[in-house]
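Secondary and tertiary structure notes
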Amino acid sequence: QKEVEQDPGPLSVPEGAIVSLNCTYSNSAFQYFMWYRQYSRKGPELLMYTYSSGNKEDGRFTAQVDKSSKYISLFIRDSQPSDSATYLCVVGSNFGNEKLTFGTGTRLTIIP
Amino acid sequence: EAGVAQSPRYKIIEKRQSVAFWCNPISGHATLYWYQQILGQGPKLLIQFQNNGVVDDSQLPKDRFSAERLKGVDSTLKIQPAKLEDSAVYLCASSGGPTRSPNYGYTFGSGTRLTVV
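The notes below deal with the structure included here.

Digging into unusual backbone geometry
Residue and element names in this part refer to chain B. Here the amide bond leading from S7 into P8 is cis, since omega sits at -10°, within 30 degrees of zero. Counting through the fold element by element, P8 comes out in the loop between β1 (5-7) and β2 (10-13). In this model, N51 sits at a positive phi of 55°, which is unusual for a non-glycine residue. Among the structural elements, N51 can be located in the loop between β5 (44-50) and β6 (53-56).

Shown next, in the form of structure tokens:
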């Protein structure tokens, strides 16, 4: 079983739609959770991070973590063509250790 | 703040040849990582340096891959001899910024796309 499971997509939605991206993890030792965005031919960049269960909102983006079910979600409201990218679910077990475990990524396309 | 610099951007080699990639991290970042990202997959950590010492190289295929970080700043990753399955993007990342920065300023470079034919 992979440590982080993520639906690879691809996912295509019309502009303005709400996007829901999901992943699950297997190890309860993971204590902090991130979403990275990766544009084509670029390195991943940190989009959002959180340490606790619940919701964290940043503009049009909301990260949701449920530690009891080991489930992580990212919601994008009012999706824009510029949101088209691969979204990577990433977990870490020790903030000081800085070792990250990546999901496979979901490729998202927003259709104008 | 300058980002993580990597070169070359692209490289095409024949199998059994050797290749080297270079990375210059963000100034002051003590930790440097090399990742391999195969098409359609998430990045996989190959090696992690803390200053010029190796912290984790458990997933580095040591029979053909080697990496060094002399003087604790920039780093090179070498593959010798290359195999077809080494075709991937090789990403370098660094971290170690102020603790108030999200994830200690963990930042990726744009990567080197390697094609082995």
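From this point, things continue past the structure.
Regarding the pattern of salt bridges
In the structure shown here, the tally under the stated rule is five salt bridges over all chains. The shortest N-O distance in the salt bridge between A:R37 and A:E45 comes to 3.3 Å. Taking the relative accessible area as the measure of exposure, A:R37 reaches 15% and is therefore buried. For A:E45, a relative accessible area of 33% translates into the label partly exposed. Across the salt bridge formed by B:D86 and B:R64, the nearest N and O atoms sit 2.5 Å from each other. Of this pair, B:D86 sits in the loop between β8 (75-79) and β9 (88-95) while B:R64 sits in the loop between β6 and β7 (65-68); the two residues are 22 residues apart in sequence, bridging distant segments of the chain. The two residues B:D86 and B:R64 agree in class, both being buried.

Some thoughts on the layout of surface pockets
Here the largest pocket is characterised by a volume of approximately 650 Å³. Lining the largest pocket we find 29 residues, and of these A:T86, B:Q37, B:L39, B:G40 and B:R113 sit closest to its centre. No other element matches strand β11 (residues 112-116) of chain B, which puts four residues into the lining of the largest pocket. Class assignment of the residues belonging to the lining of the largest pocket gives a composition of eleven nonpolar, 13 polar and five charged. Looking at the second largest pocket, its volume works out to about 490 Å³. Taken together, 22 residues line the second largest pocket, and the ones lying closest to its centre are A:T101, A:F102, B:P43, B:K44 and B:Q59.

Brief notes about the sheet that holds β7(B)
Residue and element names in this part refer to chain B. Read across the sheet, four strands follow the order β1-β3-β8-β7 without closing on themselves; strand pairing throughout is antiparallel. Of all the strands in the sheet, just β1 and β7 have a single pairing partner and so form its edges. Taking each pair of neighbouring strands and ignoring which way they run, the sheet shows an average axis angle of 15°.

Some points on the environment of A:Y87
Residues and elements named next belong to chain A. With respect to the helices and strands, the residue Y87 is situated in strand β9 (residues 85-92). Residue classification places Y87 among the buried residues on the basis of a relative accessible area of 0%. Along the chain, Y87 and W35 lie 52 residues apart, while their C-alpha atoms are 6.7 Å from each other. Setting aside its immediate chain neighbours within four residues, Y87 contacts Q6, L21, W35, Y36, R37, L47, F61, L74, I76, G105, T106 and L108.

Description of the interface of chain A and chain B
Across the boundary between the two partners, chain A contributes 20 residues, which contact 25 residues of chain B. At the junction of chain A and chain B, the tally comes to zero salt bridges. One can count three residue pairs in polar contact (both at pLDDT 80 or more) joining chain A with chain B. Put simply, the parts of the chain that give the side of chain A that touches chain B at least two residues each are β4 (32-38), β5 (45-50) and β10 (100-102) of chain A. Its residues assigned to classes, the side of chain A that touches chain B shows ten nonpolar, six polar and four charged.

Structural notes on the pairing of β6(B)
Residues and elements named next belong to chain B. As paired strands, β5 and β6 are joined by three bridges and run antiparallel to one another. Residue Q48 lies in a different strand from β6, and its bridge partner there is D56. What sits between the antiparallel neighbours β5 and β6 is a turn of two residues, in which N51 has the positive phi angle 55°.

Calculation criteria
- Residues numbered from 1 in each chain as written.
- Chains lettered and ligands numbered in written order.
- Predicted model: local features only at pLDDT ≥ 70, side-chain atom pairs only at ≥ 80, totals over all residues.
- Heavy atoms only, no water.
- Helix = DSSP H or I, 4+ residues; strand = E, 2+ residues; numbered from the N terminus.
- Salt bridge = Lys/Arg side-chain N within 4 Å of Asp/Glu carboxyl O.
- Buried < 20%, exposed > 50% of the residue type's maximum accessible area, 1.4 Å probe, protein only.
- 1 Å grid on protein atoms, 1.4 Å probe; cavity = no way out; pocket = protein on both sides within 12 Å on 5 of 7 lines; lining within 4 Å.
- Points joined across faces, edges and corners; volume = space filled by probe spheres on them.
- Nonpolar A, V, L, I, M, F, W, Y, C, P; charged D, E, K, R; others polar.
- Pairing = 2+ DSSP bridges.
- Axes fitted to C-alpha atoms, helices over the stretch in contact; angles between N-to-C directions.
- Contact = heavy atoms within 4.5 Å.
- Polar contact = N/O pair within 3.5 Å; in protein donor to acceptor, adjacent residues only side chain to side chain.

Nothing here speaks to function; it is geometry throughout.
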